[in-house]
Amino acid sequence: MTLEEKLQILADSAKYDASCSSSGSKRTGQMGCAAVSGICHSFASDGRCISLLKILLTNICIFDCKYCLNRKSNNIKRAIFTPEEICEITLNFYRRNYIEGLFLSSGIVKSADYTMNLLIETIYSLRNKYHFSGYIHAKAIPGASPYLVKKLGSLVDRMSANVELATENGLKLLAPNKNSQSVQKIMAYVKENKTKNFVPAGQSTQMIIGASKESDLDILTKSSYLYDNYQLKRVFYSAYIAVNQDKLLPNLKIPPLVRENRLYQADWLLRFYNFKVADILSWQKPNFNLLLDPKCEYALNHLELFPKEINTCSYNDLLKIPGIGVTSAKRIYASRKMFALSFKDLPKMGVVLKRAQYFITCQGKYFQDRSFYRRDYLEHNLVLLENAKETRKVEQLSLF
Amino acid sequence: MKKVNNVYLYDGSFLNLLSLIKVLLKENIIPQNIKIQGYEENLFSSNINLEIEDDEKIIPNIIHNLGSRIFNGIYYIYLSNNDDKELLIYYFLLYSIKYKDKVFVLRKIEEVNKGLKVIKYVGNENHKMKGFLRFKELKNNVLYAEFAPTNNVLPLLVNHFKKRLKNERWLIYDQKRNIWAYYDLKEVYFWDGLDINIKIDNISDDEEKMVHLWQTFYDTIGIKERKNDRCRQNFMPKKYWKYITEVENI
């Protein structure tokens, strides 16, 4: 098998992992350096960023997870990279500025410890034989011995283990060989031991959306639990793509991309906007409205808290207003000390006024007659706003 | 301050521009515009060529009095392709004197807001180029890259590659402005207007194999069920594709 065939097989097997960020590390050395901000080097045909050489060490796997392309029972071409081959490709791509570093995951060969050793051997060689100091994100293999987790963690910038499914039941049904304890053991270990020499860029994880029956509430509750207890940098959400036929799996023609998008929006609200899960979802309404983003939905459900006065409300309240992001909230907060702000100043701060206008006053004024401040009217307008974007997209597509 | 209908001229260099602005600020003049010498006079204004001596102390003075953040800001504006960049620098300095670092939140003032947008645009393009630049390996192991950024980001970009590829010799060519930057393992040198021709037979033997491997990776990593050309183009504008190996032939 040629190197090119191997790369084709092992990149194809790795592409469903959503994580590709390269931020958070300050590593320097002889061959390359990490960039704290992270750098995107290209964008694939699906619009996702390519920052790292994302490959599996091998797609041979002893597990039989229903949703996974590489499951044992699938009859697909299998390949395995040698450590030398991975080093050669990584270094050559890196010098030419194709990539920011390496993302290395693997199917499980023989045992968790055996696979971990293969990963360590490869990355050890990159770091110590070739003095590579670019970014490396490695997947820890759940169930591996702690001393191996320690060793791998001391070589990489980010280490992560995937939760895959939000509930224990989902996992039992679709990934019978996995259990959430072994994943959380790794997360706990990384959290306890994180220093500038051990997983400096922190850890992340991924959940599959729409392969099992979990609600958005289940998923977001799990994310929130992980952020709070293991200090995760990111939780990635990956819309399920039907790679396998199985009676336990839904028969989806199109991946649930809008739902995935809503989860990312909500995830941002948790991390940067001081929202709690209970603010945006409840057991009576456990799934997101696909027509409206979670922040608009929140504002419509809490009309008694709005409209907020731009010139006096707290920073935290600014963050709660649809159409205002972290950057524009900071700009408003800093500017209004010098001048009183009016509606025409807000677009200069980066505010999306066509959304924000319904929920704010400037110097006591609402942008139209107050009698329009009713849920039915606002909801109608906001849904139209979202749908206008959709129609544009459809027109664009129908041209070709 | 008095507004005059004059266009003041400078020689195109950053230092000369700053010296001119210093004189204008000192004499409380708000110019109609500031342009490079050779700018065509129009009906509504007259061109003025002030005698200015290059003031070598001006850059240390700005940094000392206003801080390096403001200095970097005006340098970014200078590197932009904005038609009125000189005037934007003038206003940025004018308001910096009064507001110091708070000028960065002075978006209510239109001239400052424009300047801040330009600063962000240049910074963003510099960041994008850190990712989109593509090197080819030459036979003598020098890494060679071509690009044509909208703004003149090469002077900023070299700082990144000095750290990133510090043990490699590299050469970057801005095709739009005809500027070359060469790093010799110690320092970066700039030239403009050189007539260098990188011939195909100067490219290393490994190059084709690596380009091919990269193309294979690129074509494989996109998920077909999620195909989204518009999203890709938003992040990676078509104007750069000519210089990005994996998409130049799409």
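Residues numbered from 1 in each chain as written. Chains lettered and ligands numbered in written order. Predicted model: local features only at pLDDT ≥ 70, side-chain atom pairs only at ≥ 80, totals over all residues. Heavy atoms only, no water.

## Some thoughts on the sheet that holds strand E4 (residues 33-36) of chain B
Residue and element names in this part refer to chain B.
Thought 1: Ordered in space as E4-E2-E5, the 3 strands form an open sheet in which the pairing is parallel. Where the open sheet ends on each side, the last strands, each with one partner, are E4 and strand E5 (46-48). In this sheet, neighbouring strand axes are inclined to one another by 35° on average, regardless of whether the strands run parallel or antiparallel.
Thought 2: Pairing geometry for strand E2 (residues 6-10) and E4, over 4 bridges, is parallel. Across the sheet, tyrosine 8 pairs through a bridge with isoleucine 34, a residue of E4.
Thought 3: Taken strand by strand, helix H1 (residues 14-26) contacts E2 and E4, and its axis lies near 140° from that of E2. (Pairing = 2+ DSSP bridges. Helix = DSSP H or I, 4+ residues; strand = E, 2+ residues; numbered from the N terminus. Axes fitted to C-alpha atoms, helices over the stretch in contact; angles between N-to-C directions. Contact = heavy atoms within 4.5 Å.)

## Looking at helix H1 (residues 3-12) of chain A
Thought 1: Of all the residues in H1 of chain A, the buried ones are Leu3, Lys6, Leu7, Ile9, Leu10 and Ala11 of chain A.
Thought 2: Looking at the buried residues of H1 of chain A, the elements they touch are strand E3 (52-56) and helix H2 (83-95) of chain A together with helix H7 (207-221) of chain B. (Buried < 20%, exposed > 50% of the residue type's maximum accessible area, 1.4 Å probe, protein only.)

## Thoughts on empty space enclosed by the protein
Remark: the empty space left among the atoms is shown by a probe the size of a water molecule rolled over them.
Thought 1: Under the defined criterion, the tally for this structure stands at 4 cavities of 30 Å³ or more.
Thought 2: Considered as a void within the structure, the largest cavity measures approximately 640 Å³ in volume.
Thought 3: In terms of lining, the largest cavity is formed by 34 residues, of which the most central are Tyr67, Cys68, Asn162, Glu164 and Lys178 of chain A.
Thought 4: Listing elements by their share of the lining of the largest cavity, those giving two or more residues are strand E4 (101-105), strand E7 (204-209) and strand E8 (234-239) of chain A.
Thought 5: For the lining of the largest cavity, a count of residues per class yields 20 nonpolar, 8 polar and 6 charged.
Thought 6: By volume, the second largest cavity amounts to about 50 Å³.
Thought 7: Around the second largest cavity sit Met129, Phe132, Leu133, Glu146, Phe147, Ala148, Tyr240, Tyr243 and Ile244 of chain B, which together line it. (1 Å grid on protein atoms, 1.4 Å probe; cavity = no way out; pocket = protein on both sides within 12 Å on 5 of 7 lines; lining within 4 Å. Points joined across faces, edges and corners; volume = space filled by probe spheres on them. Nonpolar A, V, L, I, M, F, W, Y, C, P; charged D, E, K, R; others polar.)

## Some words on the pattern of salt bridges
Thought 1: Enumeration according to the criterion identifies 32 salt bridges over all chains in this entry.
Thought 2: One salt bridge connects aspartate 267 of chain A with arginine 271 of chain A, and the closest N-O pair in it is separated by 2.9 Å. With aspartate 267 of chain A and arginine 271 of chain A both in helix H8 (residues 257-272) and 4 residues apart, this pair spans about one turn of that helix.
Thought 3: Judged by relative accessible area, aspartate 267 of chain A falls into the buried class, the value being 0%.
Thought 4: Judged by relative accessible area, which is 22%, arginine 271 of chain A ranks as partly exposed.
Thought 5: Within this structure, Arg95 and Arg96 of chain A together with Glu137, Glu168 and Glu207 of chain B form a network of salt bridges that share partners. (Salt bridge = Lys/Arg side-chain N within 4 Å of Asp/Glu carboxyl O.)

## Examining the domain arrangement of chain B
All names here are of chain B.
Thought 1: What the domain assignment reports for chain B is domain 1 (2-123) and domain 2 (133-243).
Thought 2: A straight line from the C-alpha centre of domain 1 to that of domain 2 covers 32 Å.
Thought 3: Tallying the contact residues gives 7 residues for domain 1 and 7 residues for domain 2.
Thought 4: Summed over both sides, the interface of domain 1 with domain 2 buries roughly 630 Å², with 57% coming from carbon and sulfur.
Thought 5: At the boundary of domain 1 with domain 2, the tally comes to 0 salt bridges.
Thought 6: Here domain 1 and domain 2 share 2 residue pairs in polar contact (both at pLDDT 80 or more) between them.
Thought 7: Secondary structure elements with two or more residues in the side of domain 1 that touches domain 2: helix H3 (68-79) and helix H5 (110-132).
Thought 8: For the side of domain 1 that touches domain 2, the element with the highest residue contribution is H3, accounting for 3 residues.
Thought 9: Across the side of domain 1 that touches domain 2, the residue classes tally to 5 nonpolar, 2 polar and no charged. (Domains from an automatic or database assignment. Buried area = accessible area lost by both parts, 1.4 Å probe. Polar contact = N/O pair within 3.5 Å; in protein donor to acceptor, adjacent residues only side chain to side chain.)

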